[in-house]
Amino acid sequence: MQTEAKLQTNLNPLQAKKESRWSVALKEFKRDKHYYVLLSPFMIIFFLFTVIPVVCSLVLSFFYFNMLEAPRFIGWQNYSRLFLSDDVFMIALKNTLLFALITGPISYIACFLFAWIINELSPKVRAIMTLVFYAPSISGNVYFVWLILFSGDSYGYLNGILMKLGFILEPIQWLTNEKYIMTIVIIVQLWLSLGTSFLAFIAGLQTIDKTLVEAATVDGIRNRWQELWFITLPSMRPQLMFGAVMQITASFAVAEVSINLAGFPSVNYAAHTVVTHLMDYGTIRFEMGYASAIATFLFVLMLGTNKLTQSMLRKVGE
Amino acid sequence: MRMLSVIRTPRRLNRSFAVSFLLFVLLGLFGCFMALPLIFTVNNAFKPLDELFIFPPRLFVNNPTMDNFFDLVALMGNSWVPLSRYIANTLLITIVGTAGHILLASAAAYPLAKYRFRGSRSLFAIVVLSLMFSGHVTAIPNYMVMSWIGWINTHASIIVPSLAFPLGLFLMKQFMEQIPDALLEAAKIDGANEYRIYWSIVMPNVKPAWLTLMILQFPMLWGSDGGNFIYSENLKTLHYALGQITAGGIARAGVGAAIALLLMIVPITLFIISQSSVMQTMATSGMKD
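Values in this document were obtained by computation on a predicted structure and should not be read as measured data. (Residues numbered from 1 in each chain as written. Chains lettered and ligands numbered in written order. Predicted model: local features only at pLDDT ≥ 70, side-chain atom pairs only at ≥ 80, totals over all residues. Heavy atoms only, no water.)

A few words now on the overall build of chain B. When helices and strands are counted, chain B shows 14 helices and 0 strands. Along chain B, from the amino end to the carboxyl end, the secondary structure elements read α-α-α-α-α-α-α-α-α-α-α-α-α-α. Each of the 289 residues in chain B was classed as buried or not, and the buried ones make up 53%. At a minimum sequence separation of 6, the contacts of chain B that also span at least 24 residues come to 73%. (Helix = DSSP H or I, 4+ residues; strand = E, 2+ residues; numbered from the N terminus. Buried < 20%, exposed > 50% of the residue type's maximum accessible area, 1.4 Å probe, protein only. Contact = heavy atoms within 4.5 Å.)

Okay, here's the thing in structure tokens:
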């Protein structure tokens, strides 16, 4: 009897604690239910079309799946095929890394450099220049223009001008020549790349505390470069982080420009990227498992680079 | 020096004339590079056929004409699906997609920006993480999801995923953090519930952010060609029609130039209208470590 009572008292606090934790959670949920209601429409769609697909991709990458038969588990085979026996993927990977290494840093620095120069202008000129630099990235159908500029016949504007000036005698097939195609895609990609982060930088530069600059001048800052390094960059770190994420993601995702200018697939895969490789297997060959392996690899590549760059950016101005 | 002061904000510390001059020249040069293709698109749309194929090519139009636009209307009037249908499809996708996105993103951003509750931090962390990879990663499962729901070949397949564009939620949340808590407290004391606060206090205060979300979402949907989801000709978009016309090659050069101008002009005009609001929102776009 006594022992039983002892047991009861021993059990009770534990049970009470457990119950109260659940009831606290429930109470919190009841109290905050309006927030969940407000969040739910966005989050349901977001999970359905972004979060769950990422997980699906990860799982599918270990299966053979062609949309008709039931998926079959094949372990790491998709990955071993991707890295060991797919020559085209190696070309795609090489091109993607080349694109990312060139367009990523250049577009990021260009975004900041032009935003920084534009910031010195008077408000009206600033608005116009912002428009000039930002317009390409929102003008949607721009590939069309570049197709005429780089057209392979003598009606192409670049060919026409070069022939008129006497640099070349015959038109050059800009878009179907392996030698030029990468360069052209990179130029067009750079032209398009002054987007969201460019705007964020201009806006960020406007918010920098002017008294900070005055104080620094008293403390011995002599020229604009010192001001840039010691004042401007450190005060803009949040915007720099945001811009880096935008630019890195875009530079690994080069595909639309390549498809529209060089065709799909491009001559001898000269402008093939990881994304076009993914499209090839996902939407043409319907090897969904293999395409998912490519997608998972792309996911890891983008996320890894972003995280790495963020840790590097934390050092700016320190 | 005097001339420079017209375009430059007067009197700044730590600035030397020579470097300013060089930087402005650099800006001007690249400005030309950026603007040239756009100027070229505008000029091409008004060129008569003989000027489009003149050798050597000219940038500016000599005898501007509206022929290309008339040809466009005539050409599309004869086709199986009239041009107005493509325009209507694009407008439907763009307007519903953009408006819905602003509504859903701001509804979700309000609790995330202003309150802390179970899961709020991790949900936002997932949204930020999703900024770090592009939509291509999810393309394959998305297609399967669409086909399971039965949305293949409907406009919903383009509109619905775009409603939950994570960049919009991120920017909206960052902007909403600026709204003073006292304002919300006062509304609560006056007896407003959360939905009412969201709709009549928060929403009017974040108008600049609406326009920013619009300027990011609109061009994306406006330029959408239906992707892999839309097969029926009568559901396709204006951007798709442009692709078909330009595939006609030399014979369609004029008409192609006209439709390219039409497609380009709308998002750019929207940006001109909303520029100052966009800048206001972007100032809060920073990412904390």
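Okay, back to it.
With that settled, consider the domain arrangement of chain A. Residue and element names in this part refer to chain A. The domain architecture assigned to chain A consists of domain 1 (2-73) and domain 2 (78-313). The C-alpha-based centres of domain 1 and domain 2 are spaced at 40 Å. On the domain 2 side, the residues contacting the 10 residues of domain 1 number 11 residues. Summed over the three residues of domain 1 that lose the most area to domain 2, namely Ser-57, Ser-61 and Met-67, the buried surface amounts to 44% of that side. The interface formed by domain 1 and domain 2 includes 4 residue pairs in polar contact (both at pLDDT 80 or more). Looking at the side of domain 1 that touches domain 2 element by element, the count peaks at 4 residues for helix 2 (residues 33-60). Of the residues belonging to the side of domain 1 that touches domain 2, the class tally is 7 nonpolar, 3 polar and no charged. (Domains from an automatic or database assignment. Buried area = accessible area lost by both parts, 1.4 Å probe. Polar contact = N/O pair within 3.5 Å; in protein donor to acceptor, adjacent residues only side chain to side chain. Nonpolar A, V, L, I, M, F, W, Y, C, P; charged D, E, K, R; others polar.)

The next thing to look at is the environment of B:Phe117. Counting through the fold element by element, B:Phe117 comes out in the loop between helix 5 (83-114) and helix 6 (120-130). For B:Phe117, a relative accessible area of 6% corresponds to the buried category. Leave out the neighbours within four places in its chain, and B:Phe117 touches A:Asp32, A:Tyr35, A:Tyr36, A:Leu39, B:Pro111 and B:Leu112.

Here the focus is the nonpolar core. Counting residues in hydrophobic clusters, the biggest one holds 188 residues, and the most contacted among them are A:Phe42, A:Met43, A:Phe133, A:Phe198, B:Tyr110 and B:Met176. Two domains each provide a minimum of three residues to this core, namely domain 1 (2-73) and domain 2 (78-313) of chain A. (Core = buried A, V, L, I, M, F, W, Y, C linked by side-chain atoms within 4.5 Å.)

Evaluation of the coordinates by the stated rule reveals 37 aromatic pairs over all chains. Centroid distance A:Tyr157 to B:Phe40: 4.5 Å. Interplanar angle 80 degrees. Geometry classified as edge-to-face. Highlighted residues: A:Tyr157 in helix 7 (residues 157-165) and B:Phe40 in helix 2 (residues 17-45), drawn from two different chains. Note on B:Tyr110 and B:Tyr115: the rings are 5.7 Å apart at their centroids and 85 degrees apart in plane angle, and the pair reads as edge-to-face. For the pair B:Tyr110 and B:Tyr115, a shared accessibility class is recorded, and that class is buried. Taken together, the ring pairs connect A:Phe29, A:Tyr35, A:Tyr36, B:Tyr110, B:Tyr115, B:Phe117, B:Tyr198 and B:Trp199 into an aromatic cluster. (Phe/Tyr/Trp six-rings, centres within 6.5 Å; stacked < 30°, edge-to-face > 60°.)

What follows deals with helix 8 (residues 178-192) of chain A. Its 15 residues place the ends of helix 8 of chain A 22 Å apart at the C-alpha level, agreeing with the 21 Å of an ideal helix rising 1.5 Å per residue. By the burial criterion, the buried members of helix 8 of chain A are A:Ile181, A:Met182, A:Ile184, A:Val185, A:Ile186, A:Val188, A:Gln189, A:Leu190, A:Trp191 and A:Leu192. On the buried face of helix 8 of chain A, the contacting elements are helix 4 (87-118), helix 5 (123-138), helix 6 (143-149), helix 12 (237-252) and helix 13 (256-262) of chain A together with helix 2 of chain B. By the N-cap criterion, in which a side-chain oxygen at the helix start approaches the backbone nitrogen of a residue two or three places on, helix 8 of chain A is capped by A:Asn177, the distance to A:Lys179 being 2.9 Å. (Expected span 1.5 Å × (residues − 1).)

Moving on: the confidence of the model for chain A. In this model, chain A carries an average pLDDT of 85, and 92% of its residues clear a pLDDT of 70 or more. Every residue in residues 1-7 of chain A scores below 50 in pLDDT, and together they form 0 contacts with partners more than four places removed in sequence or on other chains. (pLDDT = per-residue confidence, 0-100.)

Detailed reading of the predicted coordinates is not advisable wherever pLDDT falls low. Chain-level statistics for chain B give a pLDDT mean of 85 and a share of 94% at 70 or above. Among the prediction metrics, the complex's ipTM stands at 0.86, with pTM recorded as 0.86.

All names here are of chain A. Turning to its location among the elements, Ser-251 is positioned in helix 12. A distance of 3.0 Å separates a polar atom in the side chain of Ser-251 from the backbone oxygen of Ile-248. Setting aside residues no more than four positions away along its own chain, Ser-251 makes contact with Phe-99, Ala-100, Thr-103 and Gly-104.

What follows deals with the pattern of salt bridges. Inspection of the entire model under this criterion finds 8 salt bridges over all chains. Here A:Glu28 and B:Arg118 are joined by a salt bridge, their closest N and O atoms 3.0 Å apart. Here B:Arg118 lies in the loop between helix 5 and helix 6 and A:Glu28 lies in helix 1 (residues 2-31), a pairing that spans two chains. Under the relative-accessibility criterion, B:Arg118 is labelled partly exposed at 47%. (Salt bridge = Lys/Arg side-chain N within 4 Å of Asp/Glu carboxyl O.)

What follows is about the interface of chain B and chain A. Counting residues at the interface gives 104 residues for chain B, matched by 109 residues for chain A. The junction of chain B with chain A conceals about 9300 Å² of combined surface from both sides, 76% of it contributed by carbon and sulfur atoms. At the junction of chain B with chain A, the criterion picks out 1 salt bridge. Remark: the boundary between chain B and chain A carries 11 residue pairs in polar contact (both at pLDDT 80 or more). No other element matches helix 2 of chain B, which puts 16 residues into the side of chain B that touches chain A.

Attention now goes to helix 12 of chain A. Look at helix 12 of chain A: 23 Å from first C-alpha to last across 16 residues, which is about the 22 Å you get at 1.5 Å a residue. Summarising burial for helix 12 of chain A: 13 of the 16 residues are buried, a large majority.

What follows is about unusual backbone geometry. Cis geometry marks the peptide bond from A:Phe264 to A:Pro265; its omega dihedral reads 0 degrees. Tracing the backbone shows A:Pro265 in the loop between helix 13 and helix 14 (274-284). Phi is positive for A:Phe286, which is not a glycine, with a value near 55 degrees. Here A:Phe286 falls in the partly exposed class, since its relative accessible area comes to 31%. For B:Asn153, which is not glycine, the phi dihedral falls at a positive 65 degrees. Structurally, B:Asn153 is set in the loop between helix 7 (139-149) and helix 8 (156-163). Residue B:Asn153 is classed as partly exposed on the basis of its relative accessible area, which comes to 23%.

Residue and element names in this part refer to chain A. Between helix 10 (residues 210-218) and helix 11 (residues 224-235), the least distance of the axes is 11 Å, while the angle of their chain directions is 155 degrees. For the element pair helix 10 / helix 11, the angle class is roughly antiparallel. Here helix 10 and helix 11 pass one another in a crossing that is right-handed. From helix 10, Leu-212, Val-213 and Ala-216 reach across to helix 11, where they touch Glu-227, Ile-231 and Ser-235. (Axes fitted to C-alpha atoms, helices over the stretch in contact; angles between N-to-C directions. Parallel < 35°, antiparallel > 145°, perpendicular 65-115°, else oblique. Left-handed = near helix turned anticlockwise from the far one by under 90°.)

For the pair helix 4 of chain A and helix 2 of chain B, interaxial distance at closest approach is 10 Å and the crossing angle is 120 degrees. Classified by the interaxial angle, the pair formed by helix 4 of chain A and helix 2 of chain B is oblique. The hand of the helix 4 of chain A/helix 2 of chain B crossing is left-handed. Along the contact surface, helix 4 of chain A presents A:Leu113, A:Phe114, A:Trp116, A:Ile117 and A:Ile118, while helix 2 of chain B presents B:Leu23, B:Phe24, B:Leu26, B:Leu27 and B:Phe30. Partitioned by chemical class, the residues of the contact of helix 4 of chain A with helix 2 of chain B number 10 nonpolar, no polar and no charged.

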